[in-house]
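# A look at the structure
Next come the chains, spelled out residue by residue.
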Amino acid sequence: MGGGGRHRKVALVPLALAAAALLGGCGTYPQSDFNAVGPVSQLQRSALVEDMRFLGVIGIIVIGLVIYAAIRFRHRPGEEETPAQVEGNPRLEIAWWVVIALGLIFLVVPPLRDEFVLAQTPKGPDVVHIKVVGHQWWWEFQYPDYQFVTANEMHIPVGAKVDLQVTSADVIHSFWAPNIAGTLDAIPGRVNTEWIQADKPGVYWGQCKEFCGLNHANMRLRVVAESPADFQKWVDSHQHPVGVAQLTGDALAGWQVFDGPGTCKNCHTIDGTDAKGIIGPNLTGIGSRLGVAAMTLVPNDAQNLSTWLHDPQAVKPGNDMVIPKLTEQQIKELIAFLQSQKTYESPQVKAALENPLAQ
Ligand code: CUA
């Protein structure tokens, strides 16, 4: 006695694990291709769902036949003789090769059909071009149509086709904002292209999806999809940056730290100033961005800027920002300066600034 109960309990373990795995898919995980907000991710999702349905039906048929055979042809008491041994049945074998071949062909149809749409290069006056460059461990976004560069936060106009040219400055990364499109590898010396489009305004999470070193997991990004009018204002604010002419007090002192010999400007560019370094992310408009250090620290507030400036290597070990220790006063002034460098904030950006982790 007791043995049966124990076996039953052991049998419950895989069931509980399966239930946990299934239910784990419930809840709100906003960074998901199942929450598709544009034609590219919708096509990719529908191809996945169609294939999963087809495979589900095949799975049910196969499992049903196995269960049927196990019950129908089971050994019964009193049956002693060995059943007839069947070896080779050409007709049956040809039949199941044909069925498997047809199944595989059918499985390829949805992705192949969508591939023709996804492989197009968008053309026309409304297309926005963005060059995406992966770095260890941050994203550079160049807007050649508008002659400016930004980092870690890609802005796109809702409803417009966006042509992405994706490459890398060092190792292989992979650009991924699942609500908008599947992954595209960023490979040094090569340019991969895809088009994306968001039909719903919002701020969408993304991240690097190819292991690229120690801080691969801290190579995050956000895509801000805003109305075409808001996008244009954001572009304008990059073309007419705040600069330093009007600064006073701590912000001005912070600029002097930033501009000092052997400091921030050697690695960072801020448009409208003489800081033109290109080793680190372009910091034009840093005061309006949603996170610090490729969204390693969210939100982009005084506390997180202070954490970063106190010890960038403690926050993100191995990153390129190796700096002498700053004084409390310098950090306070730098924060005031960085926060003064704002760009246009659309309603989507304002909502994300208020509720940093939501989407
Ligand atoms: Cu870049 Cu992982």
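In what follows, the accompanying structure is described. (Residues numbered from 1 in each chain as written. Predicted model: local features only at pLDDT ≥ 70, side-chain atom pairs only at ≥ 80, totals over all residues. Heavy atoms only, no water.)

### Regarding empty space enclosed by the protein
- Following the criterion strictly, the structure yields 1 cavity of 30 Å³ or more and no others.
- There is about 50 Å³ of room inside the largest cavity.
- Lining the largest cavity, in full, are Thr-150, Glu-153, His-155, Trp-234, His-238, Thr-284, Gly-285, Ser-288, Arg-289 and Thr-343.
- Where the lining of the largest cavity is concerned, the elements lending two or more residues are strand 4 (153–157) and helix 4 (228–239).
- In the lining of the largest cavity, the residues fall into 1 nonpolar, 7 polar and 2 charged. (1 Å grid on protein atoms, 1.4 Å probe; cavity = no way out; pocket = protein on both sides within 12 Å on 5 of 7 lines; lining within 4 Å. Points joined across faces, edges and corners; volume = space filled by probe spheres on them. Helix = DSSP H or I, 4+ residues; strand = E, 2+ residues; numbered from the N terminus. Nonpolar A, V, L, I, M, F, W, Y, C, P; charged D, E, K, R; others polar.)

### Concerning the packing of helix 6 (residues 302–310) against helix 8 (residues 328–340)
- Two elements in contact, helix 6 and helix 8, have axes whose closest approach is 10 Å; the angle formed by their N-to-C orientations is 130 degrees. Viewed along their axes, helix 6 and helix 8 adopt a mutual orientation that is oblique. Seen along the crossing, helix 6 lies across helix 8 with a hand that is right-handed. Of the residues in helix 8, those in contact with Ala-302, Leu-305, Ser-306, Leu-309 and His-310 of helix 6 are Glu-328, Ile-331, Leu-334, Ile-335, Leu-338 and Gln-339.
- Here the residues of the contact of helix 6 with helix 8 sort into 7 nonpolar, 3 polar and 1 charged. (Axes fitted to C-alpha atoms, helices over the stretch in contact; angles between N-to-C directions. Parallel < 35°, antiparallel > 145°, perpendicular 65-115°, else oblique. Left-handed = near helix turned anticlockwise from the far one by under 90°. Contact = heavy atoms within 4.5 Å.)

### Thoughts on the layout of surface pockets
- Approximately 740 Å³ is the volume attributed to the largest pocket.
- Along the wall of the largest pocket there are 37 residues; nearest its centre are His-268, Pro-281, Leu-283, Trp-308 and Met-321.
- When residues of the lining of the largest pocket are traced back to their parent elements, those giving at least two are helix 5 (249–259), helix 6 and helix 8.
- In terms of residues, the lining of the largest pocket owes the most to one element, helix 6, which gives 3 residues.

### Quick notes on the nonpolar core
- Ranked by internal contacts, the top residues of the largest apolar core, which has 37 residues, are Ile-130, Tyr-143 and Met-154.
- Counting residues in each nonpolar core, the second largest holds 24 residues, with Trp-308, Leu-309, Met-321 and Leu-334 among its members. (Core = buried A, V, L, I, M, F, W, Y, C linked by side-chain atoms within 4.5 Å. Buried < 20%, exposed > 50% of the residue type's maximum accessible area, 1.4 Å probe, protein only.)

### Here's the deal with the sheet that holds strand 5 (residues 162–168)
- Taken together, the 5 strands give an open sheet; going across it, the order is 3-2-1-5-8, and neighbouring strands pair in mixed fashion. Of all the strands in the sheet, the pair left with one neighbour each is strand 3 (148–151) and strand 8 (192–196). Each strand axis lies, on average, 25 degrees off the axis of its neighbour in the sheet, ignoring direction.
- Relative to strand 5, strand 1 (residues 128–135) runs parallel, the two sharing 7 bridges. Bridge pairing in strand 5 links Val-128 to Val-162. (Pairing = 2+ DSSP bridges.)

### Concerning the pairing of strand 8
- Most of strand 8 sits out of view: 4 of its 5 residues are buried.
- Summarising the sheet, strand 5 and strand 8 pair through 5 bridges and their orientation is antiparallel. Residue pairing for strand 8: Leu-164 is matched across the bridge by Glu-194.

### Quick notes on the packing of aromatic side chains
- Considering all chains together, one arrives at 13 aromatic pairs under this definition.
- Consider the rings of Phe-148 and Trp-234, whose centres lie 5.4 Å apart with planes at 75 degrees: the pair is edge-to-face. You can see Phe-148 sitting in strand 3 and its partner Trp-234 sitting in helix 4, a full 86 residues away along the chain.
- Owing to a relative accessible area of 3%, Phe-148 belongs among the buried residues under this scheme.
- Given the relative accessible area of 3%, Trp-234 is considered buried. (Phe/Tyr/Trp six-rings, centres within 6.5 Å; stacked < 30°, edge-to-face > 60°.)

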